[in-house]
Amino acid sequence: METLIHNLVAAGTFGTNSSLVAALVIFVLSAVVFLGVAFPFAGIVSWVERRVWARIQSRVGPNRVGPNGFLQWLADGVKHVCKEDIVPDDSDATLFKIAPYLVVLAFVLPWAVMPFSSSLILADLNVGILYMTSVTALTVVGVLMAGWASNDKWSLIGGIRSAAQIVSYEIPAGLSIFPIVLMTGTLSMQGIIKGQGWAPQHWFIFANPFTFIAANILYVSALAEGNRTPFDLPEAESELVAGFATEYSGMRYLFFFMAEWGNLFIIGAIITALFLGGWQFPHVTKNPVLMNVLELITFNVKVLALVFVSMWVRGTLPRVRIDQLMSVCWKYFVPIAFINMIGTAIWVAIWPDGNAFMGYIMLAGAIVVAVIFIQRVIFYLRRSRMEMYFKPTI
Amino acid sequence: MTGVSAYVQNIKQTVSTIFEGMAITASHFMRKPYTVQYPDRMAVRVQDTLPFRYRGILEVDLEICTGCLACERACPIDCITIVADKDPVTKQLLLSQFDIDIAKCMYCGLCSEPCPTGSIHHTTEFEGADYSLESLIRRFVKDPVIAYKPKKGPETDPRIAPILNRGMAYLDQWAIPGSDKDAANKAAADKALDQPDAGDAA
Ligand code: SF4
Ligand code: SF4
């Protein structure tokens, strides 16, 4: 990146003001990355998610625009761009207009420390994971701003709910990151990933029972922070019309949901980097480019699997009540996260280099659970009518 | 102690219900959707799959309409407009207008009940969407037609017989459950349904 800029400057293409050129190049590149990666990702996820829910509910989902409805997200985007941009009377117009951008910003900023592979990372900050959790919390500012500026009671309640929810769940989320920091002694994304191996028993999720629980708590907290079902109280359409998004229209409305779908990737990436071994892939080749591509694929497969699980959870669980939401956070997650932290500290004190045996036991346990799960799935499939099995596309 | 055990019990219950729920949805993920992809991508027209006696958009068979206005009077919301006059020359009843405003109609079926000949009846058609209210008015009379003159006797028009027959067959088949003549009824009903004109001879 820097060498590229230096080369450009040295070639004399852009005059001599190298910092200006650097800023320009970064600006253009980030625009390209945003338009070329983040935006289509959010769009495609929206289509995949609708298909996944549909299948879970025995429906078909969008299947008209493009092959199997694949271009539905583009059609939706065009539709929203064409819609009128309404700013309600008596609303705080400036804040009302800024709010969606803040939410999108909270979704774009974490990409800076996204560890796609061993060298494909924009900036390997030595406070990477801290940066990631803090900038994703910017969502609460945007949502609260949207709720307040709309001058609408539904929106206000939605925004306040969002604030309560995101601020609460920051605590168990942060506390669940601590065990990993304790084990690796670093906050950098790459440092944490390098502390793990490529094989599942070397992942931090299977390092000890405490990290396993921490991974689950972090995942659920991240879902809550991302306003995902079962924690989508801020835009609960059955109680609050659409919550903080009630007064929005057109592209501004879509921005909120783009950020939500994009956040799925961030959630998956945090879990993958912290607990699932990140981009770790066995050294099969000396070629650095090929190696990086393999790592990129590994990372993305893991993240997308988690994205799928988020959709699956959303298709399964109903929305929780606000008091249940708070009780889950404060009565269950926070104390358990504290116990995790202390437990991991003791564990690390006893086995500073980790306990390899535990990894195998935990992996075996996970496989047993997976087998039981598959048995249950087969049990439920058997109870359905025979001719309805395995006909995936329509 | 109960507090702690309740706490642990809660966690256990949460985990097990989510586990079970996820298994159910995963099994649904591998099943075929039930969705009928109306209006295109269908094996048969939806109209053909609707049940007998479906109350769709009304239709008037002007050839057997007697011009008695019973339907107009029966309609609670006045969506039927009939103009029937005596032709001064031939002294016959002439129907010069028969409109049904399907924008108003609520498909209650009250109009088809008093009709002596079964001329006004529901179809299985239900797609009435249009761009203007005007075009939702169904005008059945293009040129004035001579009203049907019923014959004397209990059974008047051959055209009604199959309709009646079908209705009776339907009742026999479905509306008397558990009767010991079920099989026979069903055979008779099937026969009647297959040959709607069987009543002609009777
Ligand atoms: S179905 Fe009911 S509302 Fe419609 S025309 Fe007949 S009587 Fe009137
Ligand atoms: S449709 Fe039936 S009820 Fe109405 S005027 Fe004609 S015969 Fe009489």
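Residues numbered from 1 in each chain as written. Chains lettered and ligands numbered in written order. Predicted model: local features only at pLDDT ≥ 70, side-chain atom pairs only at ≥ 80, totals over all residues. Heavy atoms only, no water.

> I'm lost on the interface of chain B and chain A in this one. Help?
Bring the parts together and some accessible area is lost; that lost area is often taken as the interface size. Listed as interface residues are 24 residues of chain B and, on the opposing side, 31 residues of chain A. In this structure, the connection of chain B to chain A is made through one salt bridge. Between E20 of chain B and R376 of chain A there is a salt bridge whose closest N-O contact spans 2.6 Å. (Contact = heavy atoms within 4.5 Å. Salt bridge = Lys/Arg side-chain N within 4 Å of Asp/Glu carboxyl O.)

> I'm lost on helix α9 (residues 209-225) of chain A in this one. Help?
Residues three or four positions apart in an α-helix share a direction because the helix packs 3.6 residues into each turn. Residue and element names in this part refer to chain A. Its 17 residues give α9 an end-to-end C-alpha distance of 24 Å, which sits within 8% of 24 Å, the value for a rise of 1.5 Å per residue. Every buried residue of α9 is accounted for by T211, A214, A215, I217, L218, Y219, S221, A222, L223, A224 and E225. Just downstream of α9 lies N227, where phi reads positive at about 55 degrees. (Helix = DSSP H or I, 4+ residues; strand = E, 2+ residues; numbered from the N terminus. Expected span 1.5 Å × (residues − 1). Buried < 20%, exposed > 50% of the residue type's maximum accessible area, 1.4 Å probe, protein only.)

> I'm lost on the environment of S112 of chain B in this one. Help?
Residues and elements named next belong to chain B. By secondary structure assignment, the location of S112 is in the loop between β3 (93-101) and β4 (120-122). Here S112 falls in the partly exposed class, since its relative accessible area comes to 23%. In sequence terms S112 and I80 are 32 residues apart; their C-alpha atoms lie 11 Å from each other. Here S112 is in contact with I120, H121 and H122, once residues within four sequence places are set aside. One polar contact links the side chain of S112 to the main-chain carbonyl oxygen of G109, over a distance of 3.0 Å. (Polar contact = N/O pair within 3.5 Å; in protein donor to acceptor, adjacent residues only side chain to side chain.)

> Sorry, what's going on with empty space enclosed by the protein here?
It is a probe the size of a water molecule, rolled over the atoms, that shows where empty space is left. Residue and element names in this part refer to chain A. By the definition in use, this model includes four cavities of 30 Å³ or more. The computed volume of the largest cavity comes to approximately 180 Å³. Contributing to the lining of the largest cavity are 15 residues, with T136, A222, E225, I267 and I270 lying nearest its centre. Secondary structure elements with two or more residues in the lining of the largest cavity: α5 (128-136), α7 (153-184), α9 and α11 (250-275). Counting residues per element, the lining of the largest cavity draws most heavily on α11, at four residues. A breakdown of the residues in the lining of the largest cavity according to their chemical character gives nine nonpolar, five polar and one charged. Looking at the second largest cavity, its volume works out to about 100 Å³. Contributing to the lining of the second largest cavity are V103, T139, V143, E225, G226, N227, F244, F256, F257, A259, E260 and N263. At the level of secondary structure, the elements contributing two or more residues to the lining of the second largest cavity comprise α6 (138-149) and α11. Residue contributions to the lining of the second largest cavity peak at five residues, all from α11. When grouped by side-chain class, the residues that make up the lining of the second largest cavity number six nonpolar, four polar and two charged. (1 Å grid on protein atoms, 1.4 Å probe; cavity = no way out; pocket = protein on both sides within 12 Å on 5 of 7 lines; lining within 4 Å. Points joined across faces, edges and corners; volume = space filled by probe spheres on them. Nonpolar A, V, L, I, M, F, W, Y, C, P; charged D, E, K, R; others polar.)

> So what exactly am I meant to see when it comes to the nonpolar core here?
Proteins that are soluble and globular tend to have nonpolar side chains buried together. In terms of nonpolar packing, the biggest core is built from 93 residues, with W111, M114, L218, L274 and F275 of chain A touching the most fellow members. With 16 residues, the top contributor of residues to this core is α11 of chain A. Apart from residues no more than four positions distant in its own chain, F275 of chain A is found in contact with S176, I180, Q196, W203, F204, I205, T211, A214, A215 and L218 of chain A. L58, I120, V141 and A147 of chain B belong to the second-largest nonpolar core, a separate cluster that totals 22 residues. (Core = buried A, V, L, I, M, F, W, Y, C linked by side-chain atoms within 4.5 Å.)

> Can you walk me through the pairing of strand β2 (residues 80-86) of chain B in this structure?
Taken residue by residue, a regular strand's side chains alternate between the two faces of the sheet. All names here are of chain B. Pairing geometry for β2 and β3, over seven bridges, is antiparallel. Looking at β3, one finds that I80 is bridged to I100. Connecting the antiparallel pair β2 and β3 is a turn made up of six residues, with K91 showing a positive phi of about 60 degrees. (Pairing = 2+ DSSP bridges.)

> Help me understand unusual backbone geometry, please; the structure alone is not making it clear to me.
One non-glycine residue with positive phi stands out, namely D90 of chain A, at about 65 degrees. One can find D90 of chain A in the loop between α3 (72-82) and α4 (93-108). By relative accessible area, which is 71% here, D90 of chain A ends up exposed. Of note, the phi angle at Y107 of chain B is positive, near 60 degrees, even though the residue is not glycine. With respect to the helices and strands, Y107 of chain B occurs in the loop between β3 and β4.

> Please explain the confidence of the model for chain A as it appears in this structure.
Detailed reading of the predicted coordinates is not advisable wherever pLDDT falls low. Summary statistics for chain A give a mean pLDDT of 81 and a share of 92% for residues scoring 70 or more. This stretch, residues 390-394 of chain A, has a pLDDT under 50; its non-local contacts, to residues over four places away or in other chains, come to 13 contacts. (pLDDT = per-residue confidence, 0-100.)

> Explain the site of ligand 1 here, please?
Near ligand 1, the surroundings consist of 13 residues, among which C75, C105, C108, G109 and C111 of chain B are the closest. Among the residues making up the shell around ligand 1, the classes are represented as 12 nonpolar, one polar and no charged. (Near = heavy atom within 4 Å.)

> Teacher, can you tell me more about the pattern of salt bridges here?
Two side chains of opposite charge can pair, provided their charged atoms sit close to one another. One pass over the structure, following the stated rule, counts seven salt bridges over all chains. A salt bridge links R50 of chain A to D76 of chain A, with the shortest nitrogen-to-oxygen separation between them at 2.8 Å. A residue pair is termed long-range when its members are at least 10 positions apart, and R50 of chain A in helix α2 (residues 18-56) and D76 of chain A in helix α3 qualify at 26 residues. The closest approach of N and O atoms between R139 of chain B and D99 of chain B, which form a salt bridge, is 2.8 Å.

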